[in-house]
Amino acid sequence: WIETHDRKMGEGVTQGRFTARELGERLAFIHQDTGHQLDGTEVEIRFEPVEGGTRVTLEHRGWERVAPETVTRSRNLKRWGWGNILNWYAEWTFWGSPRRITDQPWL
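What you see is a predicted model; the values in this text were computed from it and never measured.

> Please explain the overall build of the protein as it appears in this structure.
Per the secondary structure count, the protein includes 2 helices and 6 strands. Within the protein, buried positions represent 21% of all 107 residues. The contacts in the protein between residues at least 6 apart in sequence include a share of 16% that link residues at least 24 apart. Roughly 8,400 Å² of accessible area belongs to the protein as shown, and the carbon and sulfur atoms make up 54% of that amount.

> When you look at the packing of aromatic side chains in this model, what are you seeing that I'm missing?
Two numbers describe a pair of aromatic rings. These are the distance of the centres and the angle of the planes. A full pass over the atoms with the stated rule returns 1 aromatic pair. With a centroid separation of 6.0 Å and 75° between ring planes, the pair formed by Phe-18 and Phe-29 is classed as edge-to-face. With Phe-18 in strand β3 (residues 16-22) and Phe-29 in strand β4 (residues 26-31), this pair connects stretches of sequence that are 11 residues apart.

> Could you clarify how one ought to interpret the pairing of β4 in this entry?
Strand direction decides the pairing type here: β3 and β4, joined by 6 bridges, are antiparallel. Bridge assignment links Glu-22 to a residue of β4, and that residue is Arg-26. Between β3 and β4, which follow one another and run antiparallel, lie 3 residues, and Gly-24 among them has a positive phi close to 80°. Relative to strand β5 (residues 42-50), β4 is paired through 5 bridges, and the arrangement is antiparallel. Following the sheet pairing, Phe-29 is matched in β5 by Val-43.

> Would you mind going over the pattern of salt bridges with me for this structure?
Two side chains bearing opposite charge may form a pair once their charged atoms approach each other closely. On inspection of all chains with the given rule, the structure shows 9 salt bridges. The shortest N-O distance in the salt bridge between Glu-42 and Arg-65 comes to 3.4 Å. Placement of Glu-42 in strand β5 and of Arg-65 in the loop between β6 (53-61) and α1 (68-95) is noted, with a sequence separation of 23 residues between them. Look at Glu-42 and you get partly exposed, because its relative accessible area is 26%. Shared partners join several salt bridges into a network, and the residues in it are Glu-22, Arg-26, Glu-44, Arg-46, Glu-59 and Arg-61.

> I tried to follow the environment of Ile-30 on my own but got confused; where do I start?
Residue placement: Ile-30 occurs in strand β4. Take Ile-30: its relative accessible area is 18%, and that puts it in the buried class. C-alpha separation for the pair Ile-30 and His-60, spaced 30 residues apart in sequence, amounts to 9.7 Å. In this structure Ile-30 touches Gln-15, Gly-16, Arg-17, Thr-19, Gly-40, Thr-41 and Glu-42, once residues within four positions along its chain are discounted.

> Any chance you could explain the sheet that holds β5 here in plain terms?
Backbone hydrogen bonds are what pair the strands of a sheet, in a parallel or an antiparallel way. If you trace the 4 strands from one edge of the open sheet to the other, you get β3-β4-β5-β6, paired in antiparallel fashion. Every other strand in the sheet has two partners, leaving β3 and β6 as the edge strands with one partner each. Ignoring which end each strand starts from, the neighbouring axes of this sheet average 15° apart.

Calculation notes
Counting restarts for each chain: residues are numbered from 1 in the order of the written sequence. Where local features are concerned, this predicted model is filtered to residues with pLDDT of at least 70; where side-chain atom pairs are given and counted, the filter is 80 or more; whole-chain, interface and lining totals use all residues. Hydrogen atoms and water are omitted, and side-chain values are computed over all heavy atoms in the structure. Secondary structure is summarised from DSSP: a helix means a run of H or I of at least four residues, a strand means a run of E of at least two, and numbering begins at the N terminus for each. A 1.4 Å probe rolled over the protein chains alone gives each residue an accessible area, and that area as a share of the maximum for its type sets the label: buried under 20%, exposed over 50%, partly exposed in between. Contacts between residues were defined by any pair of non-hydrogen atoms, one from each residue, lying within 4.5 Å. Method for areas: the Shrake-Rupley scheme with a 1.4 Å probe, in which residue coverage is limited to the protein chains shown. Only rings of Phe, Tyr and Trp enter the pairing, Trp through its six-membered ring, and a pair is recorded when the two centres are within 6.5 Å. The plane angle decides the type: under 30 degrees is stacked, over 60 is edge-to-face, the rest tilted. A pair of strands counts as paired when DSSP detects no fewer than two bridges linking them. We define a salt bridge as a side-chain nitrogen of Lys or Arg found within 4 Å of a carboxyl oxygen belonging to Asp or Glu. Only the contacting stretch of a helix is used when fitting its axis, a line to C-alpha atoms as for every element, and angles between N-to-C directions run 0 to 180 degrees.

This is how it looks when you write it as structure tokens:
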């Protein structure tokens, strides 16, 4: 997938390659950030119906391919990063897309 930095020009950075997409069940991808120290790690997100909602399980694996000092630093950063991202998704599912509910140019 590509993270777009300029919507008008379509410019962005390749962030990864999807390896699995099972609608409503799981999504998996290889992390690729053009030379980023976590390139080649894998992320899998699983969705499981539970009473009153959905359990979302995120597994970031492939750390054995990353330098040990990078693993320690990145795991600490990703722990907070993934938590924030998952909270954004929870808000998104409750409130809807920010682009639908606002006309702010930065969204």
